[in-house]
Amino acid sequence: MSFIGIDLGSTTIKAGVLDPERTVVTAVRSLPVPSPAPGKPAAYFEFDPDAVVHAARQLLDELHPLAGDCQGIVACSQMGGVVLVDAAGAAVTNYLSWRDQRALEPYSGTDHSYFDELRQRTTPDDYDRIGRELKPGSAATLLFWLAEQGAIPPGAVMAMSLGDYVVARLCQAPAAAEPTLALGMLDLAAGSWHADWFGQLGFGALRWPTLTAFSAPVGTMSLGPTRIPCYPAVGDQQAALFGAELAEGELSLNISTGSQVATLVSHWQPGDYQTRPYFDGRLLNTITHLPAGRSLSALVDLLCELPRAEGCALRDPWAAIVRAVDHTPDTELDVNLAFFASAVGDRGHVANIRLEELTVGSLFRAALRNMADNYLAAAGRLATDAHWTRLVLSGGLSQRFAALRQMLAERFHCPCRMVDTHEETLHGLLRLAQGIA
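Definitions and cut-offs
- Residues numbered from 1 in each chain as written.
- Predicted model: local features only at pLDDT ≥ 70, side-chain atom pairs only at ≥ 80, totals over all residues.
- Heavy atoms only, no water.
- Helix = DSSP H or I, 4+ residues; strand = E, 2+ residues; numbered from the N terminus.
- Contact = heavy atoms within 4.5 Å.
- Areas by Shrake-Rupley, 256 points an atom, 1.4 Å probe, with all protein chains shown as cover.
- Buried < 20%, exposed > 50% of the residue type's maximum accessible area, 1.4 Å probe, protein only.
- Phe/Tyr/Trp six-rings, centres within 6.5 Å; stacked < 30°, edge-to-face > 60°.
- Lys NZ or Arg CZ within 6 Å of the ring centre and 35° of its normal.
- Pairing = 2+ DSSP bridges.
- Axes fitted to C-alpha atoms, helices over the stretch in contact; angles between N-to-C directions.
- 1 Å grid on protein atoms, 1.4 Å probe; cavity = no way out; pocket = protein on both sides within 12 Å on 5 of 7 lines; lining within 4 Å.
- Points joined across faces, edges and corners; volume = space filled by probe spheres on them.
- Salt bridge = Lys/Arg side-chain N within 4 Å of Asp/Glu carboxyl O.
- Left-handed = near helix turned anticlockwise from the far one by under 90°.
- Nonpolar A, V, L, I, M, F, W, Y, C, P; charged D, E, K, R; others polar.
- Core = buried A, V, L, I, M, F, W, Y, C linked by side-chain atoms within 4.5 Å.

A. Layout of the overall build of the protein. When you go through the protein residue by residue, the secondary structure sums to 13 helices and 23 strands. Referenced to the eigenvectors of the C-alpha coordinate spread, the extents of the protein come out at roughly 65 × 60 × 50 Å. A fraction of 69% describes how many contacts in the protein between residues 6 or more apart in sequence connect residues 24 or more apart. Per element, the accessible surface of the protein, about 18600 Å² overall, is 51% carbon and sulfur.

B. Expanded view of unusual backbone geometry. For Gln172, which is not glycine, the phi torsion reads 50° and is therefore positive. By the secondary structure assignment, Gln172 is in the loop between helix 5 (162-170) and strand 9 (176-177). Gln172 sits in the exposed class, given a relative accessible area of 60%. In the Ramachandran plot, His289 falls in the positive-phi region, its phi being about 60° despite a non-glycine side chain. Note on placement: His289 falls in strand 19 (residues 283-291).

C. Highlighting the packing of aromatic side chains. Applying the stated criterion across every chain, the model contains 13 aromatic pairs. Ring centres 5.0 Å apart and planes at 55° place the aromatic pair Tyr278 and Phe279 in the tilted group. Residue classification places Tyr278 among the buried residues on the basis of a relative accessible area of 4%. Over the ring of Tyr44 we find Arg102; its NZ or CZ atom is 4.0 Å from the centre of that ring.

D. Broad picture of the sheet that holds strand 23 (residues 416-418). In spatial order, the strands read 18-19-17-16-22-23; together these six strands make up an open sheet with mixed pairing. Every other strand in the sheet has two partners, leaving strand 18 (274-277) and strand 23 as the edge strands with one partner each. Each strand axis lies, on average, 25° off the axis of its neighbour in the sheet, ignoring direction. Relative to strand 23, strand 22 (residues 390-394) is paired through three bridges, and the arrangement is parallel. Considered in strand 23, the bridge of Val392 is made with Arg417. Running over the sheet, helix 12 (residues 402-412) touches strand 16 (250-255), strand 22 and strand 23 and is turned about 150° from strand 16.

E. Representation of empty space enclosed by the protein in the model. Under the defined criterion, the tally for this structure stands at three cavities of 30 Å³ or more. Empty space within the largest cavity amounts to approximately 100 Å³. Lining the largest cavity we find 13 residues, and of these Ser161, Leu181, Ala182, Leu183 and Met185 sit closest to its centre. What the second largest cavity holds in volume is close to 50 Å³.

F. Broad picture of the pattern of salt bridges. One pass over the structure, following the stated rule, counts 23 salt bridges. The closest approach of N and O atoms between Asp187 and Arg129, which form a salt bridge, is 2.9 Å. Pair noted here: Asp187 is in strand 10 (residues 186-187) and Arg129 is in helix 3 (residues 124-129), with a separation of 58 residues, a long-range link. The class of Arg129 is partly exposed, set by a relative accessible area of 24%. For Asp330, the salt bridge identified is with Arg369, shortest N-O distance 3.2 Å. With Asp330 in the loop between helix 9 (317-326) and strand 20 (334-336) and Arg369 in helix 10 (residues 360-382), this pair connects stretches of sequence that are 39 residues apart. With a relative accessible area of 18%, Arg369 lands in the buried category.

G. Focus on the environment of Ile152. Relative to the helices and strands, Ile152 resides in the loop between helix 4 (139-149) and strand 8 (158-160). Between the C-alpha atoms of Ile152 and Phe203, which are 51 residues apart in sequence, the distance is 8.5 Å. With near-sequence residues (within four places) excluded, Ile152 lies in contact with Leu84, Leu146, Ala147, Phe203 and Leu206.

H. The packing of helix 10 against helix 12, seen in detail. At their nearest, the axes of helix 10 and helix 12 sit 9 Å apart, and the two run at 35° to each other. Crossing geometry of helix 10 relative to helix 12 is assigned as right-handed. Residues Arg365, Leu368, Arg369, Met371, Ala372, Asp373, Tyr375, Leu376 and Ala379 of helix 10 touch helix 12, and the partners they reach there are Ala403, Leu404, Met407, Leu408, Arg411 and Phe412. Classifying every residue of the contact of helix 10 with helix 12 gives eleven nonpolar, no polar and four charged.

I. Expanded view of the side chain of His194. Turning to its location among the elements, His194 is positioned in the loop between strand 11 (192-193) and helix 6 (195-201). Among the residues examined, His194 registers a relative accessible area of 6% and is labelled buried. Every residue in contact with His194, bar those within four places of it in the chain, is listed here: Asp126, Arg129, Ile130, Met185, Leu186 and Asp187.

J. Here's a closer look at the environment of Gln58. Here Gln58 lies in helix 1 (residues 49-63). Its relative accessible area of 38% is what places Gln58 among the partly exposed residues. Put simply, Gln58 and Ala379 are 321 residues apart on the chain and 41 Å apart in space, counted from C-alpha to C-alpha.

K. Inspection of the nonpolar core at higher detail. Residues Ile6, Ile13, Leu60, Ile73, Val166 and Met221 are the most contacted members of the largest nonpolar core, which totals 44 residues. The greatest single-element share of this core, amounting to seven residues, is contributed by helix 1. Not counting residues up to four positions away in its chain, the partners in contact with Met221 are Arg57, Leu60, Ile73, Leu170, Cys171, Thr226, Arg227, Ile228 and Cys230. Grouped together as the second largest cluster of nonpolar side chains are 41 residues, Leu251, Ile321, Val335 and Met407 included.

Here it is, written out as structure tokens:
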């Protein structure tokens, strides 16, 4: 008995065979996410959702012969963004991605942006009810922009996430939404779509998929001679944390290109953090968009700029950086990694420079220290009086830098548990599949 899991990520569409009995993921395959639609302004990020459906189908056809007695298709998806469909369920827009920044354009006749206008029209109570999930690439923000522009297509009757669309098209069934994928669109107090708020923002006429549990199939699709159940897509962050077996009382630090802190709670309590639906009726309090690999990569790119200009490719700069950090004592160099809009600001710096400390080891040790300090501050926002029983570390950077792990242990005064799988989301889908096997 097996399942096939699909991860509709931001850079790749990945799939693997899931074995619930042996608790293993095998035969992992991937394809690139479609390129953005050409001819759009630089701030726009959208692509054809049917190209994702085609890629997912291609991976399923490839993996089905390897999956034995396949009992179902399970999926997770990038969150945020939106696609609009007609009465037949066919897309009438591209998928407008969570990376889309068009809402930062000036709002007509004002000195502020569409996003600023949306925030002004959103009451504090509504902001809390959606879990404080409101960013330029949020589904609500993009729909607000379309409504204000008069750009909602006449044939559009329903809005949904990319994952909901892909699963529905694979099995040619009406779309259904699992709550973990409904980022910033649910009234957490009521457990339903926040329809009143949608109406105030101008897109209340659009319908939304029926909310459903992960264990309820959306429909079936043909693979070979058999019809196989397709289950609703879930949020990729929640899938990864479920794969990491996050427990209440633990603090998750996911440290990769971007990074987040998160903890599980049993009831909704608004605070200075985001709240997202989790599984089994629980919620995830989280702070996302903390600077990590993206900012470190900017420093690496700077250091590699001159050799690259001379036609010299460094074989493995990251390995050299790790060695330099390991051989560098603590430094007074001051690095703030907020080089882009993040949960800790949008202006970074390298300061307090002394000649003898202007080295690769000091630069990156100071950068890692800034990351560790950010995680401690973010954890304090999640719960000022919490005593975490354990840190759960995941992501490539936490595995790469022993110095970062040591800094975290010193700040949090609790043991660390490393998540040693590189397929966190697929492993999460495997654990979810075990519950329906």
